[in-house]
Every structure is written in structure tokens, then in C-alpha cells.
Amino acid sequence: MSTAIIVVSAILWLWFLGCTTTWRFGKVLLVKGEGVKSIECIALVLFTIGIVTYLFLQAVGIWFLLVELILWLVVQFFCHEYFTIFGASKNKLTGYNRCFEGTVKLFSVSETRLIPDLYHIVLHLLIATDLILAIVSLI
């Protein structure tokens, strides 16, 4: 289980690095990074601390990682999935769609619901997977 957590955490860390560094492959924009002076960078630093703590002090680190992943998933839910499920205001949709304009989309933009782009779908799945692995390791 420890190896699975480390592998998924490493993949998640690399994927989330895109929130601070723009990832563009030719003309394809995966994610526009917000830079090192962003809340995303703070989240990346906290996640890094969680991974390092887990690597060197597993008994304590798993709890730090677990709490960090729960908080991160809750934040992502209320920033993204909540508005996908329950709909969003015109202002929220306009701002979100403008912010992620040009990124890879699996689904068409909606006029009533926030539709996450590919980057955020994968991000949320990786966070959830890492969280599930952490919970299972404690059981």
C-alpha cells in the first residue's frame, strides 16, 4: 500500500505542478499556471510537506497526508463539482470559462453548469485516488 500511495502522490504532485507552471504541448493548452505567488503554489507546498512527512515518518505522515487530501478535495468540490452538480451563476460561469478558455475540454461548455476541463477532471480523480489509498492504508 505504501508504494501505491507514493506512486499516486508523485503523479498527483507532477500533475498539480501545472497549477503553478503553464503546460502547453504545441498549440494544446492543458493548464495555465498561476505562478509561485498563488494559492495553488501554497497548496503544492503543503502537499509536498505531506509527501515528505509520509516518506520519512509514515506513522505520523499518513495522518498529515490524509488531512491535507481531505481538505484539498473539499476545496476542489466547492470550487468545481458543487457548481457542476447544482449549477452556477452567470458571473461564476463567465469567470470560470474565461479563466480556463483554451484548455482541453472533454465536454461542451454549459450555460447553467460549470464543466471542468480535462486537467481538473484528472486532478480530482488523482486526489480522490490518493485519499482512498490513504484511508485503506489506515484500515
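All of these numbers come straight from a predicted model, not from anything done at the bench.

Help me understand the packing of aromatic side chains, please; the structure alone is not making it clear to me.
For any two aromatic rings, the description comes down to two numbers: the centre-to-centre distance and the angle of the planes. Here the structure, examined in full by the defined rule, presents 10 aromatic pairs. Both rings, one in phenylalanine 47 and one in tryptophan 72, keep their centres 5.2 Å apart while their planes meet at 55 degrees; by these two values the pair is tilted. You can see phenylalanine 47 sitting in helix α2 (residues 39–56) and its partner tryptophan 72 sitting in helix α3 (residues 58–86), a full 25 residues away along the chain. Comparing phenylalanine 47 with tryptophan 72 shows no difference in burial state: the two are buried. Seen from their ring centres, tyrosine 82 and phenylalanine 86 are 4.9 Å apart, and the 45 degrees between their planes marks the pair as tilted. Within this pair, tyrosine 82 and its partner phenylalanine 86 are both found in helix α3, separated by four residues, close to a single helical turn. Of the aromatic side chains, those joined through ring pairs into one cluster are Phe77, Phe78, Tyr82, Phe83 and Phe86.

How should the packing of helix α1 (residues 2–16) against α2 be read in this particular structure?
For any two helices packed against each other, one specifies the crossing angle of their axes together with the interaxial distance. In the contact formed by α1 and α2, the axes pass within 11 Å of each other and the chain directions differ by 160 degrees. It follows that α1 is roughly antiparallel to α2 by the angle criterion. Along this stretch, α1 crosses α2, giving a crossing that reads as left-handed. Contacts from Ser2, Ile5, Ile6, Ser9, Leu12, Trp13 and Phe16 of α1 reach α2 at Glu40, Ala43, Leu44, Phe47, Thr48, Ile51, Tyr54 and Leu55.

Honestly, α3 in this entry has me stumped. Any pointers?
Along an α-helix, residues three or four apart share an orientation, since each turn contains 3.6 residues. Taking the largest bend as the criterion, α3 deviates by roughly 45 degrees, centred on phenylalanine 77. Residues of α3 that are buried include every one of Gly61, Ile62, Leu65, Leu66, Glu68, Leu69, Trp72, Gln76, His80 and Phe83, and no others. Immediately beyond the C-terminal end of α3, within one or two residues, lies glycine 87, with a positive phi of roughly 90 degrees.

Got a minute to help me understand α2 in this structure?
The end-to-end C-alpha distance of α2, which contains 18 residues, comes to 26 Å, matching closely the 26 Å that a straight helix rising 1.5 Å per residue would cover. Every buried residue of α2 is listed here: Cys41, Ala43, Leu44, Phe47, Gly50, Ile51, Thr53 and Tyr54. Buried residues along α2 sit against α1, α3 and α5 (118–138).

Is there a simple way to explain the pairing of strand β2 (residues 28–31) in this structure?
The side chains of a regular strand alternate between both faces of the sheet. The sheet contact formed by strand β1 (residues 23–25) and β2 spans three bridges and is antiparallel. Considered in β2, the bridge of arginine 24 is made with leucine 29. In sequence, β1 turns back onto β2 through a hairpin of two residues, with glycine 26 there showing a positive phi of about 65 degrees.

Rules of the game
Residues numbered from 1 in each chain as written. Predicted model: local features only at pLDDT ≥ 70, side-chain atom pairs only at ≥ 80, totals over all residues. Heavy atoms only, no water. Phe/Tyr/Trp six-rings, centres within 6.5 Å; stacked < 30°, edge-to-face > 60°. Helix = DSSP H or I, 4+ residues; strand = E, 2+ residues; numbered from the N terminus. Buried < 20%, exposed > 50% of the residue type's maximum accessible area, 1.4 Å probe, protein only. Axes fitted to C-alpha atoms, helices over the stretch in contact; angles between N-to-C directions. Parallel < 35°, antiparallel > 145°, perpendicular 65-115°, else oblique. Left-handed = near helix turned anticlockwise from the far one by under 90°. Contact = heavy atoms within 4.5 Å. Bend = angle between axes of the 7 residues up to and from the residue. Expected span 1.5 Å × (residues − 1). Pairing = 2+ DSSP bridges.

Note that all results are geometric; they support no functional claim without further evidence.
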